[in-house]
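Listed below, chain by chain, are the residues.
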Amino acid sequence: MSSMAPELKFTTFEEIDEIYSTLNKTFRSGKTKPIAFRKAQILQLAYLVQDNLERFKEAFAIDLGRPSQEAVFLELNPTISGCKIAYDRVDKWARTEKAPFNIKFAAFRPVIRKEPKGVVLSISPFNYPAWLAFGPLIGAIAAGNCVVLKPSESTPAISGLMAELIPKYMDNDVVRVVLGGVPETTKLMEYQWGHVLYTGNGRVGRLIGVAAAKTLSPISLELGGKSPVVIDAKCDFKIAARRIMWGRCVNAGQTCIAPDYVLVPRSSEDAFIKALKDAHDEFYPSGAINTPDLSHIVNITHFHRLKDLLDSTSGTIAFGGQTDESRKFIAPTVVKGVKDGDSLMRDEIFGPILPIMPVDDVDAAIAYINAHDHPLALYCFSSDAAFKNKVFDNTQSGAAVANDVLIHGGIDGLPFGGVGPSGSGYHNQKFSFDMFTHLRGSLDSPGWVDNILGGRYPPYTSGKLASLNRFGDTLPPRPRISANGHALKESIERWRSTKWILLVVSLAVVSISYIRAPDVGEWLMWLKGLIKV
């Protein structure tokens, strides 16, 4: 197996012009709209991955030192599964929907057409170079678009393999790969796109957002951030530690939804760190330095960034901390006693380093989370429903996950996306289809409707206005609270009076059974007058 990454041949600006022109011509031809064509392309993508599993495993090992089991579990199998789901469901996804029934508008036969947005651009990152490239590609194809895929230049073996295989398996007039770095991406962003998906860091995300605004291209951003873990002192530390340690170490911590730091009760910090150490030793019995089950850092620049963070922390390394520049290797490292403002708490770490921040209680944990950018994921380990609800109900994040980490990114039926600084928009299977789909409102108005809506035409008269007002709605009773949310005084007084009236009514009902029939009418007349008062 070769250990050297191939040198990428970047796409020229002239080739980018040709690609954009070709894909636009293809889309205008209508070639991508038939569902049968879309399904064929989706299936071809699945076979692209399945037929070349070994080559992808080798490419992952070259670019990221990725163990084969991680490559298969995290990216290759999910890609094939995503293709199968889209292949099976795209007929339903793309079906025109009837608008919700409303008797006033039923005659117009309103529907929602699911239409492709056109030629779309997906800029994918280095950390999950297959899943985060192919996942959105599946949705874009299922939606009937033409697609330009711009994979990361930081993973040349995988990006080069994609550029080689996609023309062999897929329609070259529908899907194209652009290889390159900043200049090529800048060139791509000069065009107007049906939609742009950028997955990466917030700094570049801002630049992409500004460039997309200049052409009024709609955009989705998947950015990441510092995803916290909140620990309940009563949770199962062994289970929590194993799952958190796995989530922090898999792919050498280079995961946008990896647990970035842990908020643990101050009195439980040492016990929880011991549980993390036990999980670490279970995972890597021969030691982190010698195990074949850890990936390396993607490049030397990121290695030095992570080493500088470790060297600058004011916390104490509980275990780990070993580094090897020649291998771009950083051992799984837990740092205890970390405080706000520490080097490890300023930005997303994106490496196998886990800061532990002790807090007084869950309220302090929530306050810390809310004082910082909304994360892409928020994790909570607890068996107490009230504890979990308190954390989730009082915070904001892209996802809210209890008692596990990372897994939600691949769950069928769940959206994957951030909020605020951690991103905007959603993808993952059906949500990827939705992202690249335009919901086109449509109706077909019959001629006889003018017998009902003729009042919309001039000259305007009071009679016409009256006929149009019949299409208005009657509001429910006013809320019994003021604009600032406080209960109105008269509502409170009315409720106090109502309680007495209800008591009198109840007594009257009981009494009726003891009263002669001729007197019942008189009783009811009296009660009716009382209620009006």
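Overview of the structure. All residue numbers here refer to positions counted from 1 along the written sequence of the relevant chain. In keeping with the predicted nature of the model, local features appear solely for residues at pLDDT of at least 70, side-chain atom pairs appear and are counted solely at 80 or more, and the whole-chain, interface and lining totals rest on all residues. Side-chain measures were taken over the full set of non-hydrogen atoms in the model, leaving aside hydrogen atoms and water.

**Focus: the overall build of the protein**
Part 1 of the reasoning: On a plain count of helices and strands, the protein comes out with 18 helices and 18 strands.
Part 2 of the reasoning: For the protein, the spread of C-alpha atoms along the three principal axes comes to 100 × 70 × 40 Å.
Part 3 of the reasoning: A burial count over the protein gives 47% of its 533 residues as buried.
Part 4 of the reasoning: Note on charges: Lys and Arg go in the positive column, Asp and Glu in the negative column, and His and the chain ends are not counted at all. For charged residues, the charge sits on one atom: NZ in Lys, CZ in Arg, CG in Asp, CD in Glu. Of the charged side chains in the protein, 59 are positive and 55 negative; the average position of the first set lies 10 Å away from that of the second. Put simply, DSSP marks the helices as runs of H or I at least four residues long and the strands as runs of E at least two long, and each gets a number from the N terminus on. Buried, partly exposed and exposed residues are distinguished by accessible area as a fraction of the type maximum, computed with a 1.4 Å probe on protein chains only: under 20%, between the cut-offs, and over 50%, respectively.

**Points about the sheet that holds strand β18 (residues 437-442)**
Part 1 of the reasoning: Whether two strands pair comes down to DSSP finding at least two bridges between them. The strand order across the open sheet formed by 3 strands is β1-β2-β18, and the pairing between neighbours is antiparallel. With partners counted over all chains shown, the strands left at the sheet margins are β1 (97-98) and β18, one partner each.

**Digging into the packing of helix α9 (residues 237-249) against helix α10 (residues 269-283)**
Part 1 of the reasoning: Relative to each other, α9 and α10 sit at 60°, their axes nearing to 8 Å. As the angle between them shows, α9 and α10 are arranged oblique. The interaxial crossing formed by α9 with α10 has right-handed handedness. Contacts between α9 and α10 involve Phe 237, Ala 240, Ala 241, Arg 242, Ile 244, Met 245 and Trp 246 on the former and, on the latter, Ala 271, Phe 272, Ala 275, Leu 276, Ala 279, His 280, Glu 282 and Phe 283.
Part 2 of the reasoning: Under the convention adopted here, Pro, Cys and the residues Ala, Val, Leu, Ile, Met, Phe, Trp and Tyr are nonpolar, Asp, Glu, Lys and Arg are charged, and Gly plus all remaining residues are polar. Taken together, the residues of the contact of α9 with α10 sort by class into 12 nonpolar, 1 polar and 2 charged. With axes taken as lines fitted to C-alpha atoms, and helix axes fitted only over the stretch in contact, angles between N-to-C directions fall between 0 and 180 degrees. Comment on the angle field: the value is read as roughly parallel under 35 degrees, roughly antiparallel over 145, roughly perpendicular from 65 to 115, and oblique elsewhere. For any pair of crossing helices, the crossing counts as left-handed if the nearer helix is rotated counterclockwise from the farther one by less than a right angle, and right-handed if it is rotated clockwise. We call two residues in contact when some of their heavy atoms are within 4.5 Å.

**Things to note about the pairing of strand β9 (residues 259-265)**
Part 1 of the reasoning: Among the 7 residues of β9, 7 are classified as buried, and the element is accordingly described as predominantly covered.
Part 2 of the reasoning: Relative to β9, strand β8 (residues 227-231) is paired through 4 bridges, and the arrangement is parallel. Within β9, the residue paired with Val 230 across the bridge is Leu 263.
Part 3 of the reasoning: Bridge count between β9 and strand β14 (residues 353-359): 4 bridges; the pairing is parallel. Bridge pairing links Val 264 to Pro 358 in β14.

**What to know about the environment of Asn 145**
Part 1 of the reasoning: On the secondary structure map, Asn 145 appears in the loop between α5 (131-142) and β4 (146-150).
Part 2 of the reasoning: Judged by relative accessible area, Asn 145 falls into the buried class, the value being 1%.
Part 3 of the reasoning: If we ignore the near neighbours within four places in the chain, the residues touching Asn 145 are Thr 32, Pro 116, Lys 117, Gly 118, Val 120, Ala 140, Val 174 and Phe 436.
Part 4 of the reasoning: The definition of a polar contact used here is a pair of N or O atoms within 3.5 Å, where within protein one atom must be able to donate a hydrogen and the other to accept one, and adjacent residues in sequence count solely through side-chain atom pairs. There is a polar contact of 2.8 Å between the side chain of Asn 145 and the backbone nitrogen of Lys 117.
Part 5 of the reasoning: Within the structure, Asn 145 has its side chain in polar contact with the backbone oxygen of Phe 436 (distance 3.0 Å).

**Focus on the nonpolar core**
Part 1 of the reasoning: In plain words, nonpolar cores are sets of buried Ala, Val, Leu, Ile, Met, Phe, Trp, Tyr and Cys residues tied together by side-chain atoms within 4.5 Å. In terms of nonpolar packing, the biggest core is built from 114 residues, with Phe 134, Ile 231, Ile 244, Phe 272 and Leu 276 touching the most fellow members.
Part 2 of the reasoning: If we ignore the near neighbours within four places in the chain, the residues touching Ile 244 are Val 229, Ile 231, Pro 259, Val 262, Phe 272, Leu 276, Leu 354 and Phe 381.
Part 3 of the reasoning: Grouped together as the second largest cluster of nonpolar side chains are 27 residues, Val 230, Ile 297, Ala 365 and Cys 380 included.

**Regarding the packing of aromatic side chains**
Part 1 of the reasoning: Here is the rule: rings of Phe, Tyr and Trp (six-membered ring for Trp) pair when centre to centre is within 6.5 Å. Planes less than 30 degrees apart are stacked, more than 60 are edge-to-face, and the remainder are tilted. Tallied over the entire structure, the rule returns 10 aromatic pairs.
Part 2 of the reasoning: A centroid spacing of 6.2 Å and a plane angle of 80° characterise the contact between Phe 56 and Phe 134, whose relative ring orientation is edge-to-face. With Phe 56 in helix α3 (residues 53-64) and Phe 134 in helix α5, the pair connects residues that are 78 residues apart, well separated along the chain.
Part 3 of the reasoning: Ring geometry for Phe 283 and Tyr 284: centres 6.0 Å apart, planes at 85°, overall edge-to-face.
Part 4 of the reasoning: By the ring-pair criterion, three or more aromatic residues cluster together here, those being Tyr 20, Tyr 191 and Trp 193.
Part 5 of the reasoning: Over the ring of Tyr 87 we find Lys 39, and its NZ or CZ is 4.5 Å from the ring centre.
Part 6 of the reasoning: In this arrangement the basic side chain of Arg 66 is found over the ring face of Tyr 128, its NZ or CZ atom lying 5.3 Å from the centre. In this scheme, the term charge over a ring applies when either NZ of a lysine or CZ of an arginine sits within 6 Å of the ring centre and within 35 degrees of the ring normal.

**Concerning unusual backbone geometry**
Part 1 of the reasoning: A cis amide bond links Pro 458 with the next residue in sequence, Pro 459, at an omega value of 0°.
Part 2 of the reasoning: If you trace the backbone, Pro 459 turns up in the loop between α15 (450-453) and α16 (462-469).
Part 3 of the reasoning: Here the phi dihedral of Phe 350 falls at roughly 60°; this positive angle occurs in a residue that is not glycine.
Part 4 of the reasoning: Position of Phe 350 among the secondary structure elements: in the loop between β13 (333-336) and β14.

All quantities given are derived from atomic positions and should not be read as evidence of function.
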